[in-house]
Every structure is written in structure tokens, then in C-alpha cells.
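Here is how the chains run, residue by residue.
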Amino acid sequence: MILLRLQGGLGNQLFQYACGFSLARRRGDDLRFDLSHYRWFRDRRVELDDLGIMLPEVSAWRQWSSRAFPVGRIGSRLARYQRRLLPAWAHPQRGDESGCTPEVLFREQRQTLLLDGYWQDERFFASHAESLLATIQLPTGPWKRAEGCQAAIHVRRGDYVANPISAAIYGTLNAGYYRRALDRLGTPRRVALVSDDPKWVLANWDLGVELVDCSSASAATDLALMAAAPALVIANSTLSWWGARLGGGHRPVVAPARWLADPNAVTVPSLPAHWCLV
């Protein structure tokens with residue numbers, strides 16, 4: 001069994017699901033989900049089911065038996081207590097993404113494998129990409145709100161602004177990036193705006209184009225709109241990455257050349273070679 005510990009927003013969930021799906025197909029194994037993260041941290045919710053993805057959940061006992069405890073004296077005591085209570089076969093082998101390549105992960109033969117990480121590399125699912133994409137059902141009709149737009153841009157603010165830790169790691173892209181990116185697209189006249197803070201963008205930025213606010217309260221709907229856009233400028237966001245990836249390879253996509261503000265951070269998704277970097 002492949003046990004996938006889901007965490008983060010929809011973009012992160014898609015990377016994790018893609019890795020688990022591909023590994024389960026490669027092994028001829030079942031894929032089950034540990035959703036306990038969302039019971040402890042309420043700032044996010046499970047959103048894969050908004051895309052028609054089935055999420056068979058493992059039992060509460062199995063979730064507890066695979067739980068990783070925090071580093072420190074209390075965490076060490078809890079981990080020892082857990083090991084004494086449970087038989088050896090109850091502990092799944094942990095697939096930690098730190099330093100893990102697809103080749104290493106695919107060679108793992110343990111009966112139960114726990115995937116705990118973000119897995120932001122297309123190589124983790126490239127071998128089953130076509131069948132994976134067939135399981136993702138995007139909401140229909142979102143581009144109707146953007147009728148007449150020649151392109152779309154995604155502006156991510158939210159925790160990148162409000163959370164000091166996220167701000168230090170990711171940073172926010174400024175208006176200059178979007179002007180340069182739109183210039184690469186031939187400066188379209190009318191552009192759909194997708195953002196978690198569209199009012200701020202409209203009030204503070206002049207990009208030299210007509211911006212049409214097409215943002216919604218649903219990440220799945222925003223994802224579908226980005227996927228349907230004839231051309232797309234993405235942010236340094238995994239939701240952006242999937243919006244570009246799900247739209248196919250036939251249209252122009254512009255991405256930031258510098259994905260993170262912190263050069264020492266390692267969670268940088270792989271960018272397809274045909275995307276234009278600015």
C-alpha cells in the first residue's frame with residue numbers, strides 16, 4: 001500500500017497526489033490518503049475532491065501508527081512510546097523527499113510506504129502523466145468570465161505577504177515582472193486577472209493593459225481558468241504551475257526565472273523547458 005500524507009493547498013496537493021498515483025501504478029499497489037493534517041491545521045482544506053479525485057482514507061489507527069512526532073524531548077518520548085505499543089509490521093517505511101530522487105523512490109520495495117513531503121518534480125509522475133491527467137476533472141466554463149481576454153495572469157499574495165516565514169522563503173513578484181512577461185506575449189490588450197488579492201492588484205498596479213478580475217473563491221475554478229487561457233503568466237506558486245501544466249503544451253507560458261526569495265530553500269518545482277523564463 002502507498003500511504004500519502006496530504007498537506008498544503010491545492011497546488012501542493014496535486015504534486016503529492018501525482019507522485020502517489022504514479023508510484024501506485026508502477027507497483028500495482030493501492031493508494032490511500034492520510035488527511036489528518038487538515039484536522040489539526042484549519043487554514044487549508046482538502047481540495048482534490050473538487051477536481052473529481054477519489055480520496056480513500058486510511059483508518060485513524062493507521063494514521064496514528066505512521067505519525068511523525070516533532071523533534072525534541074517530548075517528540076522523542078512519544079515516538080518511543082509509539083514503537084513499544086505497535087508491532088514492527090505496523091510501521092510503514094517513510095518516503096522522505098529530502099535528497100530523494102525518483103530512481104531511489106521507485107526502487108523501494110517495502111510493503112507499505114508512507115509518502116511524506118511535497119514531491120514537486122515532474123519526474124515523480126512523468127511515466128504515468130497521461131493516465132494521471134485523465135483523473136483530474138476541471139470545473140467547466142470558467143473562461144466565460146474572461147471572454148475577450150487574450151491572456152491571463154496569476155498573482156499570488158496571501159501568506160506570501162502576511163506570513164513572515166513564507167515571505168522570507170518565497171517573496172512576492174512585483175509589477176515589473178508582469179510587465180516584462182506580458183511584453184513577451186506581445187502585450188495583449190485585455191488580460192484576465194486571477195489572484196487571492198485582486199482588489200489590491202487593481203488598486204496598486206498599472207500593467208499597461210486592461211485587467212479583468214476573474215478571480216473566484218475556489219482554487220479549483222481559478223485553476224480551470226488558468227488552464228483554459230490562450231496564454232498565461234504564472235506566479236511562483238504551485239497552483240500557477242498546475243494551471244500552466246493542465247493547459248497543455250501548445251500555448252505560451254511565462255514563468256519567473258527566480259522562483260524563491262531564499263536561494264537556500266529546496267522546494268522549487270521543475271519547470272518545463274518550453275516555458276519562457278523572465
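Residues numbered from 1 in each chain as written. Predicted model: local features only at pLDDT ≥ 70, side-chain atom pairs only at ≥ 80, totals over all residues. Heavy atoms only, no water.

(A) Focus on the sheet that holds strand E10 (residues 276-277). Taken in spatial order, the six strands of this open sheet run E7-E6-E5-E8-E9-E10, and their pairing is parallel. Unpaired on one side and paired on the other, strand E7 (210-213) and E10 mark the two borders of the sheet. Bridging between strand E5 (residues 151-155) and strand E8 (residues 232-233) involves two bridges; their strand directions are parallel. Looking across to E8, one finds that alanine 152 is bridged to leucine 232. (Pairing = 2+ DSSP bridges. Helix = DSSP H or I, 4+ residues; strand = E, 2+ residues; numbered from the N terminus.)

(B) Focus on the pattern of salt bridges. Throughout the structure, instances matching the rule amount to eleven salt bridges. Between arginine 45 and aspartate 50 there is a salt bridge; the shortest N-O distance is 2.6 Å. Classification of aspartate 50 by relative accessible area gives partly exposed; the value is 32%. Put simply, aspartate 121 and arginine 123 hold a salt bridge, and the shortest N to O gap is 2.9 Å. Bridged by salt links that share partners, the residues Arg5, Asp34 and Asp116 form one connected network. (Salt bridge = Lys/Arg side-chain N within 4 Å of Asp/Glu carboxyl O. Buried < 20%, exposed > 50% of the residue type's maximum accessible area, 1.4 Å probe, protein only.)

(C) Looking closely at the pairing of strand E1 (residues 2-5). Side-chain alternation along E1 places Ile2 and Leu4 on one buried face and Leu3 and Arg5 on a second face that is also buried. In this sheet, strand E2 (residues 31-34) lies alongside E1 in parallel orientation, the contact comprising four bridges. Bridge assignment links leucine 4 to a residue of E2, and that residue is phenylalanine 33. The parallel pair E1 and E2, bridged by helix H1 (residues 10-27), forms a crossover whose chirality is right-handed. Here three bridges tie E1 to strand E4 (residues 113-116), and the two strands are oriented parallel to one another. Each residue of the ladder has a partner; that of leucine 3, found in E4, is leucine 114. (Right-handed = clockwise from strand over helix to strand, strands pointing away.)

Function-wise, these values are silent; they only describe arrangement.
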